[in-house]
Amino acid sequence: MMFSHVTIGIQDLSRAFVFYDAAPAPLGIQRVPGTKYAGWASWQRARHAEASWVGKPQNGQPASHGNCWMVAFSAPSPTAVDAAYAAAIAAGGTDEGAPGPRPHFTPDYYGEYVPDPEGNKLHFVTRGI
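Residues numbered from 1 in each chain as written. Predicted model: local features only at pLDDT ≥ 70, side-chain atom pairs only at ≥ 80, totals over all residues. Heavy atoms only, no water.

A. Looking closely at the overall build of the protein. In terms of helices and strands, the protein carries two helices and eight strands. Along the protein, helices (α) and strands (β) appear in the sequence β-α-β-β-β-β-α-β-β-β when read from the amino end. Relative to the compact-globule value of 14 Å for 129 residues, the protein shows a C-alpha radius of gyration of 14 Å, a close match. Taking all 129 residues of the protein together, the buried fraction comes to 39%. For the protein, long-range pairs separated by at least 24 residues make up 53% of all intrachain contacts whose partners lie at least 6 apart in sequence. In the structure as shown, the protein presents an accessible area of about 7,000 Å², 55% of it carried by carbon and sulfur atoms. Taking the average location of the 9 positive side-chain charges in the protein and that of its 10 negative ones, the two points are 7 Å from each other. (Helix = DSSP H or I, 4+ residues; strand = E, 2+ residues; numbered from the N terminus. Rg over C-alpha atoms; globule rule 2.2 N^0.38 Å. Buried < 20%, exposed > 50% of the residue type's maximum accessible area, 1.4 Å probe, protein only. Contact = heavy atoms within 4.5 Å. Areas by Shrake-Rupley, 256 points an atom, 1.4 Å probe, with all protein chains shown as cover. Lys, Arg positive; Asp, Glu negative; His and termini not counted. Charge placed at Lys NZ, Arg CZ, Asp CG, Glu CD.)

Written as structure tokens, this is what we have:
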């Protein structure tokens, strides 16, 4: 397990929930039903503990993101990376690096970069290509 959870602050709940329902779905990541916090939702793979949370900051301040902040979701294959990227773009994300090999990281690295509709950067990646 690489992380416990990642929290992504957003302003527009409806738009974010549409995006996060669609973008990671090709990787087997789905919204967890019955999230206990109002204005928040959680996504994870079945039978896995690590999760991503999306919602409004609890301190009441506007959500913001910094340069180089990113969530990287592992994918089982390059095909899954391609599908997640296509789903993210269709759900309102923007291209910041189309799917493809990234040999400058490692020779077997395949990934893409796509910010969500509020600019939070996601990365779908697989290794072993």
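Back to the write-up after that little detour.
B. Main features of the packing of aromatic side chains. With the rule as written, the count across this model stands at five aromatic pairs. When the centroid spacing of 5.0 Å and the interplanar angle of 80° are considered together, the rings of Phe 19 and Tyr 20 count as edge-to-face. Given a relative accessible area of 1%, Tyr 20 falls into the buried group. Through pairs of rings, three or more aromatic residues link up here, namely Phe 17, Phe 19, Tyr 20 and Trp 43. (Phe/Tyr/Trp six-rings, centres within 6.5 Å; stacked < 30°, edge-to-face > 60°.)

C. Structural context of the environment of Trp 40. Mapped onto the elements, Trp 40 comes out in strand S3 (residues 40-45). Overall, Trp 40 belongs to the buried group, its relative accessible area being 12%. Separated by 32 residues in the primary sequence, Trp 40 and Ala 72 place their C-alpha atoms 20 Å from one another. Sequence-distant contacts of Trp 40, defined by excluding residues within four places in its chain, comprise Thr 7, Ile 8, Phe 17, Thr 35, Trp 53, Val 54, Gly 55, Lys 56, Pro 57 and Gln 58. There is a polar contact of 3.1 Å between the side chain of Trp 40 and the backbone oxygen of Lys 56. (Polar contact = N/O pair within 3.5 Å; in protein donor to acceptor, adjacent residues only side chain to side chain.)

D. Quick peek at the nonpolar core. Judged by nonpolar contacts, the single largest core of 26 residues is most densely connected at Tyr 20, Leu 27, Val 54 and Phe 124. Listing elements by their share of this core, those giving two or more residues are strand S1 (5-9), helix H1 (13-22), S3, strand S5 (70-74), helix H2 (78-90), strand S7 (109-115) and strand S8 (121-127). No other element matches H2, which puts five residues into this core. (Core = buried A, V, L, I, M, F, W, Y, C linked by side-chain atoms within 4.5 Å.)

E. Fine view of the sheet that holds S8. In spatial order, the strands read S5-S8-S7-S6; together these four strands make up an open sheet with mixed pairing. Looking along the sheet, the strands with just one partner apiece sit at the ends: S5 and strand S6 (100-101). Of the pairings in the sheet, the one linking S5 to S8 comprises five bridges and is parallel in character. Paired with Ala 72 across the two strands is His 123, which belongs to S8. Those strands touched by H2 are S7 and S8, and its axis lies near 10° from that of S7. (Pairing = 2+ DSSP bridges. Axes fitted to C-alpha atoms, helices over the stretch in contact; angles between N-to-C directions.)

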